[in-house]
Amino acid sequence: MTSSGMRWVLGGAATVTALGVGRMVARRRRRHQPDREGGWYVVHRGITVNRPRDAVIGFWTGQERLDRGLAEWATLERLDDNRWRCVASDPAGGGTEWRAELTVDGPGRLSWRVTEGPVAERGRVELVPAPQGRGTEIRAELRWRSGRVRQLLGLASRHDPDLALRSALRRIKSLIETGQVLDTRHDPSGRSPKQEQATDRIRERLTVGGRP
Amino acid sequence: MKALCWEGVRKLAVRDVPEPTIRAAGDIIVKVRASSVCGSDLHLINGYLPAMREGDILGHEFMGEVVETGPDVRRIKIGDRVVVGSVVACGACWYCRTEQYSLCDNSNPQPVFSEKLWGHAPAGILGYSHAAGGYSGSHAEYIRVPFGDVGAFTVPEGCRTTRWCSPPTPCRPAGWGPTSAA
C-alpha cells in the first residue's frame, strides 16, 4: 500500500474511534443526568428505614433528637401548626445558605420549597410501609430549576441537589436507626495536608460514583 | 502515635499520626495490645483491592484495652480488655437485626463506589480501604471503633492477649457471640 493509502486508512480508523468514544461518553452523560419536566430537573430517591411508620414520624416530632440530627447544618423554626421555616448551611462549609418553608401535608407526608437560595428547589416526602414488614420506605421527589450552563457549573462546583438528597436520606436513616451518623473524613492517617485534600476530592468522587 | 501506613503498592512506612478521638456517641477508643496480619492485608498491600490512599493505616485483626468510650456506650467499660470484629456493624438496621452484619446499612459512610462496583455496599471494615468506609486500621497504638457495644467483645479474665489475637480475629467474635449467648 502506498504511503498516501496508509494515511487514509489511519485517518479513517482514528475518525471511527473518535466517533465511537464520543458517542459512548455522550450516552454515559445522558444516563447520569436527571429527568427534565417543564424546565425542572426531577429525581426520585428512596431509602428503607427499619422502623415502623409511626416511629419514623415520631423521630421528627422529638425536638431533642431533631436538634441533634440537624445541629451541624440547619435550624428549624415553627411558624404555625403545619408550617416550619428551615435555615440550612452547606455542610461542607462553603458558606452557602438556604431558607426553605416546610409544610406537613398529612400523616407521613411533607413538602418543602426553597424561598432563598442559590437554586430554586422544591420537593416532597412520603412515608410508606415497606413490604414484608421491613419498616418504612421514605420516598422523596426533588425538583430544581437550573439552566444547562448553571447545571454544568453546579456540578463543577460540587453542588448537586440530587447528591445532597441521597446523602440526606442516608443520614436520616442512620439517625433514626442508630441515633448517630458515622464519618471517617480526617480520621488519623499518615497523609500530609495536601494528600488529605486530594483524598477528600477522591472521597467525593466515590460518593458520586465517579460522576464529574 | 506510631502507625503502619500504606504508601503505595508494596510500600509501607511507620509514620507519626494524630491519635484518634471520639467522633460519634457509640465510639470507643482501644489501646492496641496485639494486632495480627491477615491474608487480606496482603491484598491491600499489593494493590489488589481498589481505593487505598497514601497514608491509610492498615490492620483489622486486633485486641486491646478500652481507654475511652462515647456517651452512648453501655456494655463496654473503660479498662475492659476487648477483641474487636473487623466488620463495623450498627446493630440496628435490618441486616444487623437478621444477623447479616457484613451488610450493615449504616457503617459505610461512602457506599456509592462499592454499590457501583459490586451491586451492594458492604459494611464498613476497619483498616480496609475507602471502598469499605475509609476507617483507620489497628496497626497503630490506638484505634477508634464505631458502635463499640456491637463490635467489641470482652475477653475473659485469665486469657492471654496473644491467644485471643491469633488469626483470624474476626472469627473470634463470630464464635464467641453465639457461644456466650447459649
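Residues numbered from 1 in each chain as written. Chains lettered and ligands numbered in written order. Predicted model: local features only at pLDDT ≥ 70, side-chain atom pairs only at ≥ 80, totals over all residues. Heavy atoms only, no water.

Visitor: I would appreciate a short explanation of the overall build of chain A in the present structure.
Guide: Summing up its helical and strand segments, chain A has six helices and eight strands in all. Overall, chain A shows an N-to-C arrangement of helices and strands of α-β-β-α-α-β-β-β-β-β-β-α-α-α. Counting all 212 residues of chain A, 37% fall into the buried class. Here the contacts in chain A between residues at least 6 apart in sequence split such that 43% fall between residues at least 24 apart. (Helix = DSSP H or I, 4+ residues; strand = E, 2+ residues; numbered from the N terminus. Buried < 20%, exposed > 50% of the residue type's maximum accessible area, 1.4 Å probe, protein only. Contact = heavy atoms within 4.5 Å.)

Visitor: Is there a simple way to think about the interface of chain A and chain B in this case?
Guide: By a widely used convention, the size of an interface equals the accessible area lost when the partners come together. On the side of chain B, 41 residues touch chain A, which itself brings 31 residues to the contact. Across the chain A-chain B interface, the total number found is five salt bridges. Note that D187 of chain A and R23 of chain B form a salt bridge whose closest N and O atoms lie 2.8 Å from each other. Scanning the region where chain A abuts chain B turns up 15 residue pairs in polar contact (both at pLDDT 80 or more). Looking at the side of chain A that touches chain B, the elements that each hand over two or more residues are α5 (161-178) and α6 (193-207) of chain A. Sort the elements by how many residues they give to the side of chain A that touches chain B and α6 of chain A lands first, with seven residues. Looking at the side of chain A that touches chain B, its residues break down into six nonpolar, 13 polar and 12 charged. (Salt bridge = Lys/Arg side-chain N within 4 Å of Asp/Glu carboxyl O. Polar contact = N/O pair within 3.5 Å; in protein donor to acceptor, adjacent residues only side chain to side chain. Nonpolar A, V, L, I, M, F, W, Y, C, P; charged D, E, K, R; others polar.)

Visitor: How should I be thinking about the packing of aromatic side chains in this particular structure?
Guide: Centre distance and the angle of the planes are the two values used to describe a pair of aromatic rings. Counted according to the given criterion, the structure contains two aromatic pairs over all chains. A ring pair is formed by W94 of chain B and Y95 of chain B, whose centres lie 5.3 Å apart and whose planes are at 75°; its orientation type is edge-to-face. W94 of chain B gets classed as partly exposed once you look at its relative accessible area, which sits at 23%. Accessibility expressed as a relative area gives 19% for Y95 of chain B, which makes it buried. Here the guanidinium or amino end of R122 of chain A rests over the ring plane of W40 of chain A, the centre of that ring lying 4.4 Å away. Sitting over the ring of W94 of chain B, R134 of chain A keeps its end group 3.9 Å from the ring centre. (Phe/Tyr/Trp six-rings, centres within 6.5 Å; stacked < 30°, edge-to-face > 60°. Lys NZ or Arg CZ within 6 Å of the ring centre and 35° of its normal.)

Visitor: Hey, could you run me through the pattern of salt bridges in this one?
Guide: Two side chains bearing opposite charge may form a pair once their charged atoms approach each other closely. Enumeration over the complete set of coordinates arrives at 18 salt bridges over all chains. In this structure, E141 of chain A and R124 of chain A form a salt bridge, with 3.2 Å as the shortest nitrogen-oxygen distance. Of the two residues, E141 of chain A sits in strand β8 (residues 136-145) while R124 of chain A sits in strand β7 (residues 120-129), which places them 17 residues apart along the sequence. Its relative accessible area of 11% is what places E141 of chain A among the buried residues. The network of salt bridges with shared partners includes D183 and D187 of chain A together with R23, D27 and R144 of chain B.

Visitor: Just to check I follow, could you spell out unusual backbone geometry for this structure?
Guide: Residues other than glycine predominantly adopt negative phi, and peptide bonds predominantly adopt the trans conformation. Even without glycine at this site, H186 of chain A takes up a positive phi of about 65°. One non-glycine residue, F147 of chain B, lies in positive phi territory at about 50°. With respect to the helices and strands, F147 of chain B occurs in the loop between β7 (142-145) and α4 (148-151).

Visitor: Just to check I follow, could you spell out the environment of P188 of chain A for this structure?
Guide: Inspection of the secondary structure puts P188 of chain A in the loop between α5 and α6. Judged by relative accessible area, P188 of chain A falls into the buried class, the value being 11%. In this structure P188 of chain A touches M1, V17, P18, E19, P20, I57 and S136 of chain B, once residues within four positions along its chain are discounted.

Visitor: Would you explain the sheet that holds strand β6 (residues 81-84) of chain B in this entry?
Guide: Pairing between the strands of a sheet is mediated by backbone hydrogen bonds and can be parallel or antiparallel. Residues and elements named next belong to chain B. Taking strand neighbours across the sheet as the criterion, the five strands line up as β7-β3-β5-β6-β8 in an open arrangement whose pairing is antiparallel. Each having just a single partner strand, β7 and β8 (152-154) make up the two edges of the open sheet. Direction aside, neighbouring strands of the sheet carry axes that sit 45° apart on average. In this sheet, strand β5 (residues 61-69) lies alongside strand β3 (residues 28-36) in antiparallel orientation, the contact comprising eight bridges. Its bridge partner lying in β5, S36 is registered against E61. (Pairing = 2+ DSSP bridges. Axes fitted to C-alpha atoms, helices over the stretch in contact; angles between N-to-C directions.)

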